[in-house]
Amino acid sequence: MSFARTSDGINLFYESAGSGTPIIFVHEFGGSHWSWEPQLNFFARRHSCITFAARGYPPSDIPESVEAYSQARAADDIVDVLDAAEIDKAHVVGLSMGGFASLHVALRHPKRVLSVVAAGAGYGAEKVHENYFKGVSAQVAENFEKRGAKEFAPVYAEGASRVQFQEKDPRGWRLFADRLAQHDARGAANTMRGVQMQRPSLYDLETEFRAMQPPVLVMVGDEDDHCLQPGLFLKRTISRSGLAVFPKTGHTLNLEEPELFNRHVAEFIAQVEAGRWAPRDPRADPAQVMRTD
């Protein structure tokens, strides 16, 4: 087993597969390093792939103090894993919580990033729902602590943007729910309180996103309601960004629609490496409906 030692002394489990241009996969709150198996199986054929368990997710360390968890720390942990794997730069692919971390690592450490895929990144970002999201997050953290992961996992796994996965692929969803039931309750609660509840809204980072240089692919399911508008915001704000919307799809994009997910990411990375993922053409003025002169 391989572990990265972070700059604040936490051990993070990571695994690698394949060879070629590096890709690091960053998991969501409801997943862990195992969430990316369909992607490792596909991309390791031509890339050096890294996936890791975030702090609070076994077999990585589980800091007792919530102060050890934050959005900035989650971004820095990505760099610490790259350092341990002796990787200078990588394509960064993240889902949900991992999508936020992927965007933040591009803001904090742009020289370590070849490109960013931010999938299902948006929960808590909508300003109108900001306080509601924090309240729900606090309840989720309390449920993990009081009820335990085994009891609460089936409830969490049947959220409004998870049932699409359950409907399409009951066996895949069951595996997801069973693995979620094995999460560490303290780690889950601390992650929810330290990262999810405290991270800044994407809308508060508009100036930083407008200056962002790494190419970005935003992906969202069309039934992942609280990620749709943030996804459009990122598309309109980040110059070198594209937006892919998956039809009849919820939040767990990479597991719910693995073939579609892999195809979009592969094409994106191919265009980036060919130098073809450029900023938006200035002639494509969003204020223009039709050209008249």
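A short tour of the structure in this document, coming up. From a predicted model like this one, the values you see are computed outputs, not experimental measurements.

The rules behind the values
- Residues numbered from 1 in each chain as written.
- Predicted model: local features only at pLDDT ≥ 70, side-chain atom pairs only at ≥ 80, totals over all residues.
- Heavy atoms only, no water.
- Axes fitted to C-alpha atoms, helices over the stretch in contact; angles between N-to-C directions.
- Helix = DSSP H or I, 4+ residues; strand = E, 2+ residues; numbered from the N terminus.
- Parallel < 35°, antiparallel > 145°, perpendicular 65-115°, else oblique.
- Contact = heavy atoms within 4.5 Å.
- Nonpolar A, V, L, I, M, F, W, Y, C, P; charged D, E, K, R; others polar.
- Buried < 20%, exposed > 50% of the residue type's maximum accessible area, 1.4 Å probe, protein only.
- Pairing = 2+ DSSP bridges.
- Salt bridge = Lys/Arg side-chain N within 4 Å of Asp/Glu carboxyl O.
- Phe/Tyr/Trp six-rings, centres within 6.5 Å; stacked < 30°, edge-to-face > 60°.
- Lys NZ or Arg CZ within 6 Å of the ring centre and 35° of its normal.

What to know about the packing of helix H2 (residues 71-84) against helix H3 (residues 97-108)
- In contact at an axis separation of 8 Å, H2 and H3 are set at 75° when each is read in the N-to-C sense. It follows that H2 is roughly perpendicular to H3 by the angle criterion. Of H3, the residues touching H2 (which contributes Gln-71, Ala-72, Ala-74, Ala-75, Asp-76, Ile-78 and Val-79) are Phe-100, Ala-101, Ser-102, His-104, Val-105 and Arg-108.
- Class assignment for the residues of the contact of H2 with H3 results in eight nonpolar, three polar and two charged.

Comments concerning the pairing of strand S5 (residues 90-95)
- Summarising burial for S5: six of the six residues are buried, a large majority.
- Of the pairings in the sheet, the one linking strand S3 (residues 21-26) to S5 comprises four bridges and is parallel in character. Looking across to S5, one finds that Phe-25 is bridged to Val-93.
- Alignment of S5 against strand S6 (residues 113-119), held across six bridges, turns out to be parallel. Across the sheet, the residue bridging to Val-92 is Val-116, located in S6.

Quick notes on unusual backbone geometry
- Here the residue pair Pro-58 and Pro-59 is connected by a cis peptide bond, since its omega of 10° sits within 30 degrees of zero.
- In this structure, Pro-59 sits in the loop between strand S4 (47-52) and H2.
- The phi dihedral of Ser-96 is positive, around 55°, even though this residue is not glycine.
- Examined against the element boundaries, Ser-96 turns out to sit in the loop between S5 and H3.

Some points on the pattern of salt bridges
- If you walk through the whole model with that rule in mind, you get 21 salt bridges.
- Two residues, Arg-210 and Glu-206, come together in a salt bridge whose shortest N-O distance is 2.8 Å. Of this pair, Arg-210 and Glu-206 both sit in helix H8 (residues 206-210), four residues apart, which is roughly one turn of that helix.
- Residue Glu-206 is classed as partly exposed on the basis of its relative accessible area of 31%.
- Via salt bridges that share partners, Asp-8, Arg-55, Arg-73, Asp-77 and Asp-80 belong to a single interconnected network.

Section: the side chain of Asp-80
- Tracing the chain through its elements places Asp-80 in helix H2.
- With relative accessibility at 12%, the residue Asp-80 sits in the buried group.
- Beyond its immediate chain neighbours, meaning those up to four positions away, Asp-80 contacts Ala-4, Arg-5, Thr-6, Ser-7 and Arg-73.

Remarks on the environment of Val-218
- As for its placement among the helices and strands, Val-218 is situated in strand S7 (residues 216-221).
- When the C-alpha positions of Val-218 and Leu-234 are compared, they lie 7.4 Å apart, and in sequence the two are 16 residues distant.
- Those residues in contact with Val-218 that sit more than four places away from it in its chain are Ala-118, Gly-231, Leu-234, Gly-242, Leu-243 and Ala-244.

Points about the pairing of strand S1 (residues 2-5)
- Bridging between S1 and strand S2 (residues 11-17) involves four bridges; their strand directions are antiparallel. Bridging across to S2, Arg-5 finds its partner in Asn-11.
- What sits between S1 and S2 in their antiparallel hairpin is a turn of five residues, with Gly-9 showing a positive phi close to 85°.

With respect to the packing of aromatic side chains
- The tally for this structure, following the rule as stated, stands at 14 aromatic pairs.
- Residues Trp-34 and Phe-176 carry aromatic rings whose centres are separated by 6.4 Å and whose planes lie at 65° to one another, so their mutual orientation is edge-to-face. Here Phe-176 lies in helix H6 (residues 170-180) and Trp-34 lies in the loop between S3 and helix H1 (37-43), a separation of 142 residues in the sequence. Taken individually, Trp-34 and Phe-176 each receive the classification buried, so the pair is uniform in this respect.
- For the ring pair Phe-42 and Phe-43, a centre distance of 4.8 Å and an interplane angle of 85° mean the geometry is edge-to-face.
- Following the ring pairs from residue to residue traces out a cluster consisting of Phe-25, Trp-36, Phe-42, Phe-43 and Phe-261.
- For the cation-ring pair, Arg-46 lies above Phe-42, with the distance from its terminal atom to the ring centre recorded as 5.5 Å.

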